[in-house]
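This is what each chain is made of:
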Amino acid sequence: MIDELNQFEKEALGKLAGLNDSASLQAWKSEAFGKQSLLSTALTALGTLPKDERPLVGKRTNEIKQALTKAFDEKEAALRAAELEHSLRAEALDVTLPGRPARRGRLHIATQTLRQICAIWADMGFQVYRSREVESDEYNFELLNIPKHHPARDMQDTFYTTLPDVILRTHTSPGQIHAMREFCPHPIRVVLPGMVYRYEQITTRSEIQFDQIEGLAVGKGIRMTDLKGTLTDFARRMFGASVRTRFRADHFPFTEPSAEMDVECFVCGGKGCSVCKRSGWLEILGCGMVHPAVLKNGGYDPKTYSGFAFGMGPERIAMLKYKIEDIRYFWGNDLRFLEQF
Ligand code: PHE
């Protein structure tokens, strides 16, 4: 029996040494340790053996079992390492190859300009006040001193809805009324950024949607000189400390007096070029002292309070700054345009 066991061990170890894949390794395992294997049959036969042989055979069987288990574990580990090595080699990655970059988004050029303008006003003590894009006729026109049939309405062709008096705002100025009614009787210094809508013929200079930034200051003793000084300061921060500005008289129903502000053309330095249409000046905003009727509509007594307001278009300003010749690029969703900024 001992000889048989020794023979069995020798053969099993010999066979194991020649294996080189995990499938045949598993087959070897069930053959060596399974019910039919000599290791099992030797143990069941133990009772039939002469008494003095029993401990010897039992001991030898256990030794062989241990030896085979150890050999199996070593072989299995070696095979696993070899297989890993093989697959690493077969599926080798060249980590030095350049990756495929993820497409990165960015802020729209209008948003960038809007934020830059808001940041300048924030430095000057104006906080951002958000106001709705869907407005009533009352807020967009009436309370801003633009009654029905007033010719100024023709300048702002309007998107009306099927609901009576519900419209898309044509400018950010209705936000003035919202801000005044919220803050009255306290002093106000706010800017109101956001999208506005006009039912217009789309051309290189006009769109049906664009951003505006409104500004509003209300308090005691605010004068036209405050308006001019503040807006001139803004222009210097936006376009450079040496930029020259000028105010031209204009008309808006909700300001009195009203003006438009121009900055010296930064393309030609005021000499005259195609961007400024040979005038040397670029128009950047409308402004004026808040009309007494508008102050009253906001809840402020115009005898005690005064204020100034202004409105500008960041797309127009970006067009000037980056020499973009067509406003339709802004909302045309063409990446070739958007990715330039
Ligand atoms: N709301 C005016 C426009 O859209 C701009 C403006 C705002 C003018 C505030 C004066 C004061 O043209």
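Quick look at the structure, then.

Parameters and conventions
Residues numbered from 1 in each chain as written. Predicted model: local features only at pLDDT ≥ 70, side-chain atom pairs only at ≥ 80, totals over all residues. Heavy atoms only, no water. Helix = DSSP H or I, 4+ residues; strand = E, 2+ residues; numbered from the N terminus. Rg over C-alpha atoms; globule rule 2.2 N^0.38 Å. Buried < 20%, exposed > 50% of the residue type's maximum accessible area, 1.4 Å probe, protein only. Contact = heavy atoms within 4.5 Å. Areas by Shrake-Rupley, 256 points an atom, 1.4 Å probe, with all protein chains shown as cover. Lys, Arg positive; Asp, Glu negative; His and termini not counted. Charge placed at Lys NZ, Arg CZ, Asp CG, Glu CD. Core = buried A, V, L, I, M, F, W, Y, C linked by side-chain atoms within 4.5 Å.

### Some thoughts on the overall build of the protein chain
Phase 1 of the analysis: A tally of regular secondary structure across the protein chain gives 11 helices and 9 strands.
Phase 2 of the analysis: Against the compact-globule benchmark of 20 Å for 341 residues, the protein chain has a radius of gyration of 43 Å, which places it well outside the compact range.
Phase 3 of the analysis: Projecting the C-alpha coordinates of the protein chain onto the three principal axes gives extents of approximately 125 × 45 × 40 Å.
Phase 4 of the analysis: Put simply, the protein chain has 341 residues, and 43% of those count as buried.
Phase 5 of the analysis: The contacts in the protein chain between residues at least 6 apart in sequence include a share of 68% that link residues at least 24 apart.
Phase 6 of the analysis: Summing over all exposed atoms, the protein chain offers an accessible surface of approximately 19,600 Å²; the carbon and sulfur share of this is 53%.
Phase 7 of the analysis: For the protein chain, the distance from the average site of its 45 positive side-chain charges to the average site of its 44 negative ones is 5 Å.

### Describing the nonpolar core
Grouped burial of nonpolar side chains is what soluble globular proteins tend to show.
Phase 1 of the analysis: Core analysis: the biggest nonpolar cluster contains 35 residues, and W121, F234, I284, F310 and M312 have the highest contact counts within it.
Phase 2 of the analysis: When residues of this core are traced back to their parent elements, those giving at least two are α5 (109–123), β5 (209–219), α8 (224–239), β7 (255–264), β8 (281–290), β9 (306–312) and α10 (314–322).
Phase 3 of the analysis: Looking at this core, the element that brings in the most residues is α8, giving 6 residues.
Phase 4 of the analysis: Not counting residues within four places of it along the chain, the set of residues in contact with F234 comprises I117, I120, W121, M124, I284 and M312.
Phase 5 of the analysis: Among the nonpolar cores identified, the runner-up in size contains 24 residues, and L144, I146, F254 and V290 belong to it.

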